[in-house]
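# Coordinate inspection notes
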Amino acid sequence: MSVQNDFLRVPVWYPDLAPFTWDTKFVKLSPEMVALLAAGKSEDDDDVLHSPVAKSLMHAMEGPLGEIPGNAFVFVDVCAPTDTARFAGKRGAVYSARSALNNLLESEKVAAAARRGEVGYICMRPFRNITWAREFRLFIHDGALSAMSQYHLVRHYRRLEGVKERYWQMAKDFVAEVGWRLPVKNLVMDIYITSGKKILIVDLNAWGGETDPLMLLTWERDWSVPAEIQLMAPPTAVSGDVTVSF
């Protein structure tokens with residue numbers, strides 16, 4: 001990982017941006033613990049959880065998890081285990097150190113990041129059942145907000161039509177407020193707008209490359225010209241006589 005992109009790791013950016021995200025706990029990993037995550041496990045193979053390294057890691061996780069009321073969301077420096085059955089069924093909510101570690105070990109995303117040398121910490125936040133319509137991706141170019149995209153491209157949210165201009169202005173004000181804290185001038189920031197109209201940072205991502213431009217569709221554009229907020233269009237109604245032939 002480059003020096004520039006190192007800032008995108010949660011343990012690195014959190015000290016500078018902690019007031020603008022959820023309270024997060026960290027457990028530093030030994031080389032043996034990183035190797036454990038890199039190896040991963042199959043869903044029905046629990047033997048690895050009985051290893052000395054796994055037991056030591058679960059013990060280290062118990063204290064921070066105990067400080068989080070209710071369920072927690074547990075991930076690593078650069079990614080979350082969104083490719084697991086637990087994420088599909090419970091959006092990743094965990095309560096015990098054992099279930100948290102098991103979820104991380106079942107994630108190929110986490111294992112791949114560990115093998116690439118991008119994992120040094122386990123990160124823990126209070127679990128929040130996020131409303132998908134209020135999660136967005138911000139495209140920050142040359143230190144300023146250039147575009148904003150609906151994050152979950154599952155459907156058109158009619159409720160967003162009445163607030164999209166307000167959300168765009170909120171995002172512009174937010175980037176203007178935190179911009180001086182960002183040593184990286186071009187980056188992608190995922191945010192969540194709470195019911196209390198507060199913006200919280202979910203994650204930071206690299207500019208371009210494998211980062212999905214979502215509603216912006218492509219990275220090949222003039223980012224100096226703001227594209228403002230981009231939302232999924234409402235479904236098109238078809239009227240009149242429709243003839244379909246095969």
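What counts and what doesn't
Within each chain, residues carry numbers counting from 1 in the order of the written sequence. Only residues with pLDDT of at least 70 are given local features in this predicted model, and only at 80 or more are side-chain atom pairs given and counted; all residues enter the totals for whole chains, interfaces and linings. The side-chain numbers reported here are obtained from all heavy atoms of the structure, hydrogens and water having been left aside. In this description a helix means any DSSP run of H or I spanning at least four residues, a strand means any run of E spanning at least two, and both kinds are numbered starting from the N terminus. Note on classification: 1.4 Å probe, protein chains only; a residue is buried when its accessible area is under 20% of the maximum for its type, exposed when over 50%, partly exposed between these limits. To measure how exposed things are, a 1.4 Å probe is used in the Shrake-Rupley method; for residues, cover is taken only from the protein chains shown. Charge convention: Lys and Arg are scored as positive, Asp and Glu as negative, and His as well as the terminal groups of each chain are ignored. The atoms used to mark charge sites are NZ of Lys, CZ of Arg, CG of Asp and CD of Glu. The rule is short: rings of Phe, Tyr and Trp, with Trp giving its six-membered ring, pair when the centres are within 6.5 Å, and they are stacked under 30 degrees, edge-to-face over 60, tilted in between. To estimate the expected span of a helix, count its residues, drop one, and scale the result by 1.5 Å. Contact definition: two residues touch when any of their heavy atoms are within 4.5 Å. Any two strands are treated as partners once DSSP identifies two or more bridges connecting them. Under this definition, polar contacts are N or O atom pairs within 3.5 Å; protein pairs additionally need one hydrogen-donor-capable and one acceptor-capable atom, and for neighbouring residues in sequence, both atoms have to be side-chain atoms. Two kinds of site are reported from a 1 Å grid over the protein atoms alone, namely cavities, where a 1.4 Å probe fits but cannot get out, and pockets, open sets with protein on both sides within 12 Å along at least five of seven lines, and residues are called lining when an atom falls within 4 Å of a point. Grid points are joined across faces, edges and corners, and a volume is the space filled by probe spheres set on the points. Amino acids outside the nonpolar list (Ala, Val, Leu, Ile, Met, Phe, Trp, Tyr, Cys, Pro) and the charged list (Asp, Glu, Lys, Arg) are all regarded as polar, and Gly is one of them. Axis definition: a line fitted to C-alpha atoms, limited for helices to the stretch in contact. Angles are taken between N-to-C directions and run from 0 to 180 degrees. Patches were defined on residues exceeding 30% relative accessible area and lacking a salt bridge, with like-charge contacts within 9 Å and nonpolar side-chain contacts (Val, Leu, Ile, Met, Phe, Trp, Tyr) within 5 Å. One side-chain nitrogen of Lys or Arg within 4 Å of one carboxyl oxygen of Asp or Glu is enough to make a salt bridge. Only buried residues count toward a nonpolar core. Its members are Ala, Val, Leu, Ile, Met, Phe, Trp, Tyr and Cys residues joined through side-chain atoms within 4.5 Å.

Let us now look at the overall build of the protein chain. Summing up its helical and strand segments, the protein chain has eight helices and nine strands in all. Each of the 246 residues in the protein chain was classed as buried or not, and the buried ones make up 50%. Surface accessibility of the protein chain: about 12800 Å² in total, with carbon and sulfur atoms responsible for 51%. Across the protein chain, the mean location of the 27 positive side-chain charges is 7 Å away from that of the 30 negative side-chain charges.

Under the defined criterion, the tally for this structure stands at twelve aromatic pairs. With a centroid separation of 6.4 Å and an interplanar angle of 25°, the aromatic rings of Trp22 and Tyr192 are classed as stacked. Here Tyr192 lies in strand β7 (residues 187-193) and Trp22 lies in the loop between α2 (10-17) and β1 (25-28), a separation of 170 residues in the sequence. Each member of the pair, Trp22 as well as Tyr192, carries the same accessibility label: buried.

With that settled, consider helix α4 (residues 52-66). Its 15 residues place the ends of α4 21 Å apart at the C-alpha level, agreeing with the 21 Å of an ideal helix rising 1.5 Å per residue. The complete set of buried residues in α4 reads Ala54, Leu57, Met58, Met61, Pro64 and Leu65. On its buried side, α4 packs onto β1, α3 (31-39), β2 (72-76), α6 (97-105) and β4 (121-126).

Strand β6 (residues 144-150) sits mainly inside the fold: six of its seven residues count as buried. Sheet analysis places strand β5 (residues 135-141) next to β6, joined by six bridges and oriented antiparallel. Among the inter-strand pairings, Leu138 is bridged to a residue of β6, identified as Met148. Hairpin remark: β5 followed by β6, antiparallel, with two residues in the connecting loop; positive phi at Asp142, about 55°. As judged from the three bridges shared by β6 and strand β9 (residues 228-230), these two strands associate in the parallel manner. Paired with Ala147 across the two strands is Glu228, which belongs to β9.

Okay, the side chain of His156 next. Following the sequence through the fold, His156 ends up in the loop between β6 and α8 (164-178). At 2.7 Å, the side chain of His156 forms a polar contact with the backbone oxygen of Met232. For His156, the residues in contact, after removing those within four places along its chain, are Glu161, Met232, Ala233, Pro234 and Pro235.

This next bit is on the layout of surface pockets. There is about 1300 Å³ of room inside the largest pocket. Those elements that place two or more of their residues in the lining of the largest pocket are β2, α7 (108-115), β4, β5 and β8 (199-206). The element best represented in the lining of the largest pocket is β8, accounting for five residues. Per-class residue counts for the lining of the largest pocket are 20 nonpolar, six polar and 13 charged.

Our focus in this paragraph is the sheet that holds β7. Across a sheet, paired strands are connected by hydrogen bonds in the backbone, their directions being either parallel or antiparallel. On the basis of which strands lie adjacent, the open sheet formed by five strands has the order β8-β7-β5-β6-β9 and mixed pairing. Where the open sheet ends on each side, the last strands, each with one partner, are β8 and β9. Direction aside, the axes of adjacent strands within the sheet are offset by 25° on average. Contacts from α8 reach β5, β6, β7, β8 and β9 within the one sheet, and its direction differs from that of β6 by about 140°.

On the surface, a cluster of negative charge is made up of Glu43, Asp44, Asp45 and Asp47. Within the fold, Asp47 resides in the loop between α3 and α4.

This part is about the sheet that holds strand β3 (residues 93-94). If you trace the four strands from one edge of the open sheet to the other, you get β1-β4-β2-β3, paired in antiparallel fashion. The two strands at the open ends of the sheet, each matched to only one other strand, are β1 and β3. Here β1 pairs with β4 via four bridges, running antiparallel. Paired with Lys28 across the two strands is Tyr121, which belongs to β4.

Leu17, Phe136, Met148, Tyr167, Met189 and Leu204 are the most contacted members of the largest nonpolar core, which has 39 residues in total. Those elements giving two or more residues to this core turn out to be α2, β2, β5, β6, α8, β7 and β8. Among the elements that line this core, the one with the most residues is α8, at seven residues. Residues Val27, Ala38, Val48 and Met58 belong to the second largest nonpolar core, which totals 31 residues.

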